[in-house]
Every structure is written in C-alpha cells, then in structure tokens.
Amino acid sequence: MAKRDYYEVLGLSKGASADEIKKAYRKLAIQYHPDKNPGDKEAEEKFKEAAEAYDVLSDPQKKERYDRYGHAGMDGFGGGGGFGGFGGGGMSMEDIFSQFGNIFGGHFGGDFGGFGGGGNRGARVRKGSDLRVRVKVSLKDVANGVEKKLKVKRYVKCASCNGTGGEDKDSVAQCKQCGGSGVVNRVTQSIFGAMQMQSECPACQGQGTTITKKCSHCNGMGVVQEEEVISVKIPAGVAEGMSLSVKGKGNAVRNGVDGNLLVLVEEEPDNDLIRDENDLIYNALFSVPLLVNGGTVEIPAVDSKVKVKIDAGTQPGKVLRLKGKGLPSLNGYGNGDLLVNIGVYIPENLSKDERKVFDELSKSENMQPTESAKKSFLARFKNMFS
Ligand SMILES: [Zn+2]
Ligand SMILES: [Zn+2]
C-alpha cells in the first residue's frame, strides 16, 4: 500500500502552520491512543501513522525535505545500508512516547514521558544516549556515495563485568522494590483522565538490579568509554544538513540498548562546480574567437571532463544543459544536469598587432549588433528583472 501523505494523515493541507500541525496531531493522538483502544490494531496503526507524520512535520529540517522530496526524501536513508533512519517501518512506540513530552507538556516529559498502559507493554527498555558526528563530503562523494571511517569515542559494555556493573555474579541482585523491571506504577491525572503511569524505580534508578560490590574496571557503570572506528556508508545524493542514523553505534548504557550514532553531512564546496539541488552549474569563460568561430572545449564534471561542442556564433549568457551530468537523486531516480553558463573573456592588454586586427574588424558593418540581436538581448534582461 502506498504511504499516505503526511499532511493528509493529519487532515491538513500543505502549508499548515506549526500550531495547526501540533493541534491536529494532539487530537489524533488522543483519539487513537492505545490506552483508549486496547487491542485495536487499526487504531494502533493510525496512532503510529500520525506520530510519524508529526515527527516529520514538526521538525523544520525534516519538513523542508519532505515538502521538497516527499516520502522519497525520507526513505532514502532507510535503503542506504545500515541506517536506522525512517525507512525501516516508521517509529517504534518508544519513540512515539518519548515525543509526547514536547506536545502534552511537563507531565509526560519527565520520568519516561510515556503511558503505562496497564503494564501491557512491559518494562521500559533503557536506551543509551545518541552520539553526533559531522562528516565532510566532497562533490565526488555526493555523486558516487562513499564509505567513511569515523573515529568515535563511545561508551561500550564493560568486558570485565559483562555490563552488569558488579564485581562478580554474587554482587548483583534483582531490585526488591520493582522486582527487576526498573519501573514502578503510579496513578496520575492527565488529559485522558486518571491513568496509570510508569516511572523509573527510585531504588535502582531504573536498572532493575542493585549492586553490592561495584566492578573495579567500570566503577559499577557497566560501560567504559572506548575509541572505535566506525564505517559509515553515505549514499549518493546526500546534501548539506542531512543526518544519517547508524543504529546501535551511540553510547551503551547498563542494562539497556545502545544509542544511535547520528552523522551530520557537511558539503565541501567544489573549486569548479556549484550545486543547485541535483543540478550542477559551471560558469565558463570563453575567448572571443572561440565564441565567434565555434570549437570543442572541455568542461569539468564531477569526476571527469566532458567534451562540449560550442557552435559558431554562440552568444554569452547562453546556458548549455548537459543532460544527466549532474548529481544522482537520493532516491535513485535519475541524475540532475550540468548547466554551462557561457561568458565571454575580453582581454585587457592587447599587443599592437592584435589591436590592429580589432581596428580592422570594427570597420566591418557585420560587427555591429543587428536590430533583432538588440531586441533579444533587451528581452533577456527584462525577463531577469520581472
Ligand atoms: Zn565493569
Ligand atoms: Zn528497582
């Protein structure tokens, strides 16, 4: 089934304000909340769908990309190999509940930011923090995709205690207060009425275990910081400001799952080519004789040179479009073009002989602009300013 448009999911049209997006999501979240529709798969799907739509449309960066590329812009990362991103079947319930704090205000922001749901979702899984790194990519990297090796300092499971935090197996015991789940239930008033909420067990800080003797290697943390080289595949077609998520390569946490590594793409400017989305622009400067007589020139493309024929009588300001010589799109649907902006070079210092040639030429009537050439030149600037 085709993925529904995010605006449609929220019952909005494109151009809806941040406030309208928030209101629409809030309404749907209440309507389809799993605690209000126990066991209703369809409601759960609707709930998830709305959460995913909100996640994208409430984030200015994601929204801009979605507005521009649609779902393709979001999915690109999923298929990129090794990226968690958005492609892999939307958001988990965990993600959704952690988002609630921002929408429904303080009450859900603390503790777990979640809803107990009568315990049917079981204990909450602790998640290590995400790490962020920047990666510089050249135009060539953008064109071909690239594998980057990134040095990352991250917390990993302590090998000495196997992540338990205890010196030996006798120094780790199940927490008596929460029975090992790491959470305690309490009833609270919310916009949905009285609800059972879970919060972190105060006795074990959500760990589920208590330690009598701490591991000497990690001081009971269960994790130690290490430097790791992580190989990240950057798909072709990425752009400045996009971020890729590498699942499980963030920080580890005791008795929990590893966070993610978020890789922020930074584009290095190219010496010759200017990027305009998937098109490339080359501002070319040619000599007067070349534009007059025509000839073949070499134009720099991303990682090669392209031979281009310049017709005799080519006017400066003309733009040649070299189809498919631009950058690939992130979703793999075709390439952009290479646009060659033609400019003319007028020499400033001429030898006596050269000046004589131009003097001779200036006597020829053919050198004077025709009426139609003047008109089309004028029209071009009119278009530019209108
Ligand atoms: Zn340890
Ligand atoms: Zn506990």
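The structure this text deals with has already been given above.
Asker: Just checking my understanding: could you explain the coordination of the zinc ion (ligand 1) for this structure?
Answerer: Note on metal sites: the ideal angle is 109.5 degrees for four tetrahedral donors, and 90 or 180 degrees for six octahedral donors. Note on the zinc ion (ligand 1): its protein donors are Cys158 (SG), Cys161 (SG), Cys215 (SG) and Cys218 (SG). The metal-donor distances range over 2.3 Å. In this structure, the zinc ion (ligand 1) is coordinated by four donor atoms arranged in tetrahedral fashion, with angles at the metal of 102 to 117 degrees.

Asker: For this particular structure, what's the right way to read the sheet that holds strand 17 (residues 338-345)?
Answerer: Sheet strands pair by backbone hydrogen bonding; their relative direction is either parallel or antiparallel. Sheet architecture is open: four strands sit in the order 12-13-17-16, paired in mixed fashion. On the outer flanks of this sheet lie strand 12 (274-276) and strand 16 (319-322), each paired with one strand and no other. The mean inter-strand angle of the sheet, taken between neighbouring strand axes irrespective of direction, is 30 degrees. Relative to strand 17, strand 16 runs antiparallel, the two sharing four bridges. Its bridge partner being in strand 17, Leu322 is matched across the sheet by Leu338.

Asker: Honestly, the coordination of the zinc ion (ligand 2) in this entry has me stumped. Any pointers?
Answerer: Looking at the metal site, the zinc ion (ligand 2) is ligated by Cys175 (SG), Cys178 (SG), Cys201 (SG) and Cys204 (SG), spaced 2.2 to 2.3 Å from it. Each of the four donor atoms around the zinc ion (ligand 2) contributes to a set of angles spanning 104 to 113 degrees, which defines the coordination as tetrahedral. The sequence motif formed by the donor residues of the zinc ion (ligand 2) is C-x2-C-x22-C-x2-C. According to the relative accessible area criterion, Cys204 is buried, its value standing at 3%.

Asker: Got a minute to help me understand the pattern of salt bridges in this structure?
Answerer: Two side chains that carry opposite charge are able to pair once their charged atoms sit near each other. A complete count under the given rule lists 25 salt bridges for this structure. In this structure, Glu228 and Lys249 form a salt bridge, with 3.1 Å as the shortest nitrogen-oxygen distance. Of the two residues, Glu228 is situated in strand 8 (residues 223-234) and Lys249 in the loop between strand 9 (243-246) and strand 10 (256-257); the sequence distance between them amounts to 21 residues. On the accessibility criterion, Glu228 (23% relative accessible area) is partly exposed. The class for Lys249 is partly exposed, based on a relative accessible area of 27%. One salt bridge in this structure joins Lys309 and Asp311, with 3.2 Å as the shortest N-O distance. Given a relative accessible area of 61%, Lys309 falls into the exposed group.

Asker: Got a minute to help me understand the nonpolar core in this structure?
Answerer: Side chains that are nonpolar tend, in soluble globular proteins, to be buried together. Membership of the largest hydrophobic core comes to 41 residues, with the highest contact counts inside it found for Ile234, Val263, Phe286 and Ile310. With residues up to four places along the chain from it excluded, the contact list for Ile310 reads Phe286, Leu290, Leu291, Gly294, Gly295, Val297, Leu320 and Ile342.

Here is what the cut-offs are and how they apply
Residues numbered from 1 in each chain as written. Chains lettered and ligands numbered in written order. Predicted model: local features only at pLDDT ≥ 70, side-chain atom pairs only at ≥ 80, totals over all residues. Heavy atoms only, no water. Donors = N, O, S within 2.8 Å, 3.2 Å for Na, K, Ca; no water. Tetrahedral: all angles 85-135°; square planar, octahedral: opposite > 155°, others 65-115°. Pairing = 2+ DSSP bridges. Helix = DSSP H or I, 4+ residues; strand = E, 2+ residues; numbered from the N terminus. Axes fitted to C-alpha atoms, helices over the stretch in contact; angles between N-to-C directions. Buried < 20%, exposed > 50% of the residue type's maximum accessible area, 1.4 Å probe, protein only. Salt bridge = Lys/Arg side-chain N within 4 Å of Asp/Glu carboxyl O. Core = buried A, V, L, I, M, F, W, Y, C linked by side-chain atoms within 4.5 Å. Contact = heavy atoms within 4.5 Å.

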